[in-house]
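# Observations on the three-dimensional arrangement
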Amino acid sequence: MNEIVEAIKARRTIRKYKPEQIEEEKLDAILAAGLHAPSIGGRQASIIVVCQNSKLNEELGRMNRLSFEFPPNIGRITRNTNQPGINDDATIQSAFYNAPTVLTIFAQKTYNLTGESFAVAENILVAAHSLGIGGCIVARAIETFATKRGRQIQINWGLGFEYEAKLHITLGYLQGEPPKDKIIREGRIIRV
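Here is a short report on the structure shown in this document. (Residues numbered from 1 in each chain as written. Predicted model: local features only at pLDDT ≥ 70, side-chain atom pairs only at ≥ 80, totals over all residues. Heavy atoms only, no water.)

## Quick notes on the overall build of the chain
Helix and strand counts for the chain come out as six helices and four strands. Taken over C-alpha atoms, the radius of gyration comes to 17 Å for the chain, in line with the 16 Å a tight globule of 192 residues would show. For the C-alpha atoms alone, the extent of the chain along its principal axes is close to 45 × 40 × 40 Å. Each of the 192 residues in the chain was classed as buried or not, and the buried ones make up 42%. (Helix = DSSP H or I, 4+ residues; strand = E, 2+ residues; numbered from the N terminus. Rg over C-alpha atoms; globule rule 2.2 N^0.38 Å. Buried < 20%, exposed > 50% of the residue type's maximum accessible area, 1.4 Å probe, protein only.)

In structure tokens form, the structure reads like this:
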């Protein structure tokens, strides 16, 4: 089978990271993959902010975690025991899981660019996986940057309020055991 299809099928969400930083050459390739994602009307309106400041990532990860509400366990097949998320383990204090690199994808508020932002994220995650780097999409970016501190960070990053944070991506090298093979739930494709 095609190696891109295999990479997509083999990629798993990683939430435990080694402390070492991603090499610049690999990070540049990952970011380039994100920039090559489809964009609505060719606008290329998504902006990727790369943060490798561990103190700031910890602060933002804790802010993000505070906005998380534990949902009922609806539709989940298994709980992730070797790469647990905040939904699996309430003692986890940072939704960024000590990742050495955190990307935040911003998009202009004037257009509905959530889909474009997630296309950027998927390209990033598949490229990272192909280079031996793990990653995780973290939601609640809007809530993180809606806080007073979040707005200040956004200003510090040079982004005006015409931009809205859509999602975060944590990146780093896997620490511990990788997640088990994914069980694909039946009945998710309808052919008409």
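## Digging into the pattern of salt bridges
One pass over the structure, following the stated rule, counts three salt bridges. A salt bridge links Arg62 to Glu58, with the nearest nitrogen and oxygen atoms 2.7 Å apart. Linking Arg62 with Glu58, this pair stays in helix α3 (residues 54-66), spanning four residues, or about one helical turn. Taking the shortest distance from any N to any O, the salt bridge between Glu59 and Arg149 comes out at 2.6 Å. Here Glu59, found in helix α3, pairs with Arg149, found in helix α6 (residues 148-156); they are 90 residues apart in sequence, far enough to count as distant. (Salt bridge = Lys/Arg side-chain N within 4 Å of Asp/Glu carboxyl O.)

## Concerning unusual backbone geometry
One non-glycine residue, Gln44, lies in the positive phi region at around 50°. Tracing the chain through its elements places Gln44 in the loop between α2 (24-35) and β1 (47-51). A relative accessible area of 61% means that Gln44 is categorised as exposed. Backbone geometry places Tyr97, a non-glycine residue, at a positive phi of 55°. Looking at the element boundaries, Tyr97 is found in the loop between α3 and β2 (101-108).

## Quick look at helix α4 (residues 114-130)
Relative to the 24 Å expected for 17 residues at 1.5 Å per residue, α4 spans 25 Å between its end C-alpha atoms, a close match to the ideal helical length. Looking only at α4, the buried set comprises Glu116, Ser117, Val120, Ala121, Ile124, Leu125, Val126, Ala127 and Ala128. The inward-facing, buried residues of α4 abut α1 (3-10), α2, β1, β2, β3 (134-138) and β4 (163-172). Downstream of α4 by a residue or two, Gly132 has a phi angle that is positive, lying close to 80°. (Expected span 1.5 Å × (residues − 1). Contact = heavy atoms within 4.5 Å.)

## Remarks on the side chain of Arg12
Checked against the element boundaries, Arg12 lands in the loop between α1 and α2. Looking at Arg12, its side chain comes within polar contact range of the main-chain oxygen of Lys9, at 2.8 Å. Discounting residues that sit within four places of it in the chain, Arg12 has contacts with Gly135, Pro179, Lys180, Asp181 and Lys182. (Polar contact = N/O pair within 3.5 Å; in protein donor to acceptor, adjacent residues only side chain to side chain.)

## Observations regarding the sheet that holds β4
With antiparallel pairing, the four strands of this open sheet are ordered in space as β1-β2-β4-β3. In this open sheet, the two edge strands, each paired with only one partner strand, are β1 and β3. Ignoring strand direction, the axes of neighbouring strands in this sheet form an average angle of 25°. In this structure, β3 lies alongside β4, joined through five bridges in antiparallel fashion. (Pairing = 2+ DSSP bridges. Axes fitted to C-alpha atoms, helices over the stretch in contact; angles between N-to-C directions.)

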